[in-house]
Amino acid sequence: MDIGSTYYRQAAEPCDHRVLRSIDSQMKKQKWYTAQTVERRYRYTPLPKAGGHKTYFDRYFADIEKEFSNVIETFRRLNTERCEVVATLYSACEDLQGDDPWVSDERIVCEVLTNWHESKKRIPREHWENALKWMRQNGFVPATMRQSGETS
């Protein structure tokens, strides 16, 4: 989904901290939700006006609501490391593709393990490879990969 963010390569994941802080600040200001880190997980805790965001969400994101809900429901069940792996692989796929959607899995995994943060190496190569297969099976690959077929 294109929601207007610019993601940067971080130790734990690709992230746009500026946008995230802005969203968190506005949700707290409106008394909808507050962001908290609990046991190394990022969680939103409801505030007195929780749910009030729905009007604004519908106004600006109604066309991607189904896709957005699918992402939330799918990733809420995954642990933090699996979310990190998928987000990193997705970003690496996009970075490598440019005008060529035929990027091999090997090249994607090598990109992550050699050109991202050193901490990515703590995760075994097999996990990265399996995650790419899972992403493809569940439709969590960049649109150009879905249009061009599998990479291998």
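Since this is a predicted model, take the numbers as computed values, not measurements.

Asks: So what exactly am I meant to see when it comes to the environment of W32 here?
Replies: The topology assignment puts W32 in the loop between α1 (17–29) and β3 (33–38). Considering only alpha carbons, one finds W32 and L47, 15 residues apart in sequence, at a separation of 5.0 Å. Those residues in contact with W32 that lie beyond four places of it in its chain are M27, T45, P46, L47, K49, A50, G52, H53 and Y56.

Asks: I tried to follow helix α4 (residues 80–97) on my own but got confused; where do I start?
Replies: One turn of the α-helix equals 3.6 residues, which is why residues spaced by three or four share an orientation. Its 18 residues place the ends of α4 26 Å apart at the C-alpha level, agreeing with the 26 Å of an ideal helix rising 1.5 Å per residue. Listed in full, the buried residues belonging to α4 are E84, V85, V86, T88, L89, S91, A92, C93, L96 and Q97. One side-chain oxygen of the residue at the start of α4 lies 3.2 Å from the amide nitrogen of E81, identifying that residue as N79.

Asks: Explain the nonpolar core to me, please; I cannot follow it from the model alone.
Replies: For soluble globular proteins, nonpolar side chains are generally found buried alongside one another. One finds L89, I108, W128, L132, W134 and M135 to be the most contacted residues of the largest nonpolar core, which totals 22 residues. At the level of elements, α4, α5 (105–115) and α6 (125–137) are the ones that each hand at least two residues to this core. Looking at which element gives the most residues to this core, the answer is α4, with six residues. If we skip the residues at most four places from it in the chain, W134 touches T74, F75, L78, R82, V86 and F140.

Asks: What am I meant to see in unusual backbone geometry here?
Replies: Glycine aside, residues mostly have negative phi, and peptide bonds are mostly found in the trans state. You will see that K31, though not glycine, has its phi angle at about 65°, which is positive. Within the secondary structure, K31 is located in the loop between α1 and β3.

Asks: Please clarify how the pattern of salt bridges should be interpreted in this entry.
Replies: Any two side chains of opposite charge can pair, given that their charged atoms come close. Under the criterion given, the structure shown has eight salt bridges. With its nearest N and O atoms 2.9 Å apart, the salt bridge here joins D58 to K54. One end of the pair is D58 and the other is K54, both in helix α2 (residues 54–61) and four residues apart, which spans about a single turn. Residue K54 is classed as partly exposed on the basis of its relative accessible area of 41%. Residue R76 pairs with E73 through a salt bridge whose shortest N-O separation is 3.1 Å. The network of salt bridges with shared partners includes E81, E84, K120 and R122.

Asks: Quick question: what am I supposed to make of the packing of α4 against α6 here?
Replies: Pairs of packed helices are described in terms of their axes, by the angle between the two and the distance that separates them. Contact geometry of α4 with α6 gives a least axis separation of 10 Å together with a crossing angle of 75°. Classified by the angle their axes make, α4 and α6 are roughly perpendicular. From α4, E81, R82, V85, V86, T88, L89, Y90 and C93 reach across to α6, where they touch H127, W128, A131, L132, W134 and M135. Considering only residue class, the contact of α4 with α6 consists of ten nonpolar, two polar and two charged.

The rules behind the values
- Residues numbered from 1 in each chain as written.
- Predicted model: local features only at pLDDT ≥ 70, side-chain atom pairs only at ≥ 80, totals over all residues.
- Heavy atoms only, no water.
- Helix = DSSP H or I, 4+ residues; strand = E, 2+ residues; numbered from the N terminus.
- Contact = heavy atoms within 4.5 Å.
- Expected span 1.5 Å × (residues − 1).
- Buried < 20%, exposed > 50% of the residue type's maximum accessible area, 1.4 Å probe, protein only.
- Polar contact = N/O pair within 3.5 Å; in protein donor to acceptor, adjacent residues only side chain to side chain.
- Core = buried A, V, L, I, M, F, W, Y, C linked by side-chain atoms within 4.5 Å.
- Salt bridge = Lys/Arg side-chain N within 4 Å of Asp/Glu carboxyl O.
- Axes fitted to C-alpha atoms, helices over the stretch in contact; angles between N-to-C directions.
- Parallel < 35°, antiparallel > 145°, perpendicular 65-115°, else oblique.
- Nonpolar A, V, L, I, M, F, W, Y, C, P; charged D, E, K, R; others polar.

Any link to function would need more than the numbers given here.
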